[in-house]
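Okay, here's what each chain looks like letter by letter:
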Amino acid sequence: AWATVDGERYRLGTLEEIKHHPAADEGRDRGEELLALCDERGCDLALVGLRPRLAPGVEELVELCRRRGVDIVLLERGDRRAARAVARRANVDLTIEADLADLVRDRQADGSRVTLVSDSAEAAEAFDACDLAIALTTGRTARFPARADLLAPDLKTVAAIIEAGARRDEAVNVSVALAAGANVAGGAWGVKGAPGVARAGYATYAAALGALGAGHVLLRGGERPRSVAERLVDPRPERWGRRSTDDVLAELQSRPDGLKSAEAA
């Protein structure tokens with residue numbers, strides 16, 4: 001990228017042009033992609049560090065998995081330093097250079113149910129092996145290039161899917177426990193004496209009502225978050241840089257000194 005500022009020509013280039021720099025070494029260790037700001041005299045004006053951005057919803061997903069007893073593991077691919085930086089910032093475990101399908105099968109061999117989340121068609125074999133395949137897709141394309149069980153637009157939706165599955169398991173466990181308790185109570189009642197036809201089903205009725213109540217409490221939905229606006233992205237952001245400042249301010253109905261508080265509100 002080139003720019004002329006006050007008659008000086010500047011260039012933002014890759015760090016390969018700098019053989020060694022202490023700050024560059026520190027940036028690489030943090031998993032940053034580093035760029036150098038250069039002029040005609042050299043490339044020691046400044047370093048720009050591009051840090052891997054955590055996707056929205058990472059914190060909610062990690063917190064939910066820990067609360068629900070779900071192990072969450074990030075698979076390292078590509079830039080190792082970047083993957084480690086993301087895992088460290090997200091506070092999740094990292095699996096290094098493993099085959100994804102083999103990793104899924106190893107977990108299943110231990111009796112675990114494995115959910116795989118990926119936004120790449122390279123996960124197709126692992127999608128076939130796992131118990132639940134969730135494909136991350138923005139919805140801008142009509143098809144995802146691999147077979148998946150569910151499509152999710154973001155990690156917040158993945159967290160909602162995991163929460164729904166956990167609540168379903170809880171409802172099933174409570175219903176089974178109530179049914180077992182009703183059978184035990186009915187058996188004890190029958191041993192003590194004949195309860196009579198009219199009262200024979202009381203324990204079953206009580207268990208059924210309890211299961212319905214537990215299902216209502218555990219499986220009821222919440223208010224759907226209004227997250228559509230958060231995913232809207234300008235498809236051509238570069239077009240703003242090709243226009244004059246006055247044109248941009250006029251289209252956005254703004255001024256060089258900004259808006260007043262009342263106008264912004």
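Computed from a predicted model, the values in this text were never measured in an experiment.

Caption draft 1: Spatial organisation of the overall build of the protein chain. Counting its secondary structure elements, the protein chain contains nine helices and nine strands. When the 265 residues of the protein chain are sorted by exposure, 24% land in the buried category. Residue pairs at least 24 apart in sequence account for 40% of intrachain contacts in the protein chain once pairs closer than 6 positions are excluded.

Caption draft 2: Summary view of a nonpolar patch on the surface. Together, Leu 12, Val 48 and Leu 50 make up an exposed nonpolar region whose accessible area comes to about 210 Å². On the secondary structure map, Leu 50 appears in strand 4 (residues 42–50). We classify Leu 50 as partly exposed; its relative accessible area is 44%.

Caption draft 3: Structural context of the sheet that holds strand 8 (residues 132–136). Spatially, three strands are ordered 7-8-9 in an open sheet, and the strand pairing comes out parallel. The outermost strands of the open sheet, each flanked by one partner alone, are strand 7 (115–118) and strand 9 (150–152). Along the sheet, successive strands turn relative to each other by an average axial angle of 25°, direction set aside. In this sheet, strand 9 lies alongside strand 8 in parallel orientation, the contact comprising three bridges. Counted as the bridge partner of Ile 134 is Leu 150 from strand 9.

Caption draft 4: Fine view of the pairing of strand 1 (residues 2–5). Pairing geometry for strand 1 and strand 2 (residues 8–14), over four bridges, is antiparallel. Across the sheet, the residue bridging to Thr 4 is Arg 9, located in strand 2. Hairpin geometry of strand 1 and strand 2 is characterised by an intervening segment of two residues between the two adjacent antiparallel strands and by a positive phi of about 50° at Asp 6.

Caption draft 5: Summary view of the sheet that holds strand 3 (residues 33–39). Taken together, four strands build an open sheet; the order of strands is 1-2-3-4 and the sheet is antiparallel. Each having just a single partner strand, strand 1 and strand 4 make up the two edges of the open sheet. Taking the axes of each pair of neighbouring strands and ignoring which way they run, one obtains an average angle of 25° across the sheet.

Caption draft 6: Quick look at the pattern of salt bridges. One pass over the structure, following the stated rule, counts 15 salt bridges. In this structure, the salt-bridge partner of Glu 63 is Arg 67, at a minimum N-O distance of 3.4 Å. Residue Glu 63 and its partner Arg 67 are located together in helix 2 (residues 58–67), separated by four residues, close to a single helical turn. Asp 102 is the salt-bridge partner of Arg 105, the closest N and O atoms lying 3.4 Å from each other. Linking Arg 105 with Asp 102, this pair stays in helix 4 (residues 100–109), spanning three residues, or about one helical turn. Judged by relative accessible area, which is 41%, Asp 102 ranks as partly exposed.

Caption draft 7: Local environment of helix 4. Of the positions making up helix 4, those classed as buried are Leu 100, Ala 101 and Val 104. What you see down the axis of helix 4 is that its buried residues fit within an arc of 105°, all on one side. Turned more than 90 degrees off the buried face of helix 4, the exposed positions are Asp 106 and Ala 109. At its buried positions, helix 4 is contacted by strand 5 (73–75), strand 7 and helix 5 (124–129). The N-capping residue of helix 4, defined by a side-chain oxygen 3.3 Å from the backbone nitrogen of Ala 101, is Asp 99. Looking at the residues trailing helix 4, positive phi occurs at Gly 111, about 90°.

The rules we used
Residues numbered from 1 in each chain as written. Predicted model: local features only at pLDDT ≥ 70, side-chain atom pairs only at ≥ 80, totals over all residues. Heavy atoms only, no water. Helix = DSSP H or I, 4+ residues; strand = E, 2+ residues; numbered from the N terminus. Buried < 20%, exposed > 50% of the residue type's maximum accessible area, 1.4 Å probe, protein only. Contact = heavy atoms within 4.5 Å. Patch = residues over 30% accessible without salt bridge, like charges linked within 9 Å, V, L, I, M, F, W, Y side chains within 5 Å. Areas by Shrake-Rupley, 256 points an atom, 1.4 Å probe, with all protein chains shown as cover. Salt bridge = Lys/Arg side-chain N within 4 Å of Asp/Glu carboxyl O. Pairing = 2+ DSSP bridges. Axes fitted to C-alpha atoms, helices over the stretch in contact; angles between N-to-C directions. Arc of directions from axis to C-beta. Polar contact = N/O pair within 3.5 Å; in protein donor to acceptor, adjacent residues only side chain to side chain.

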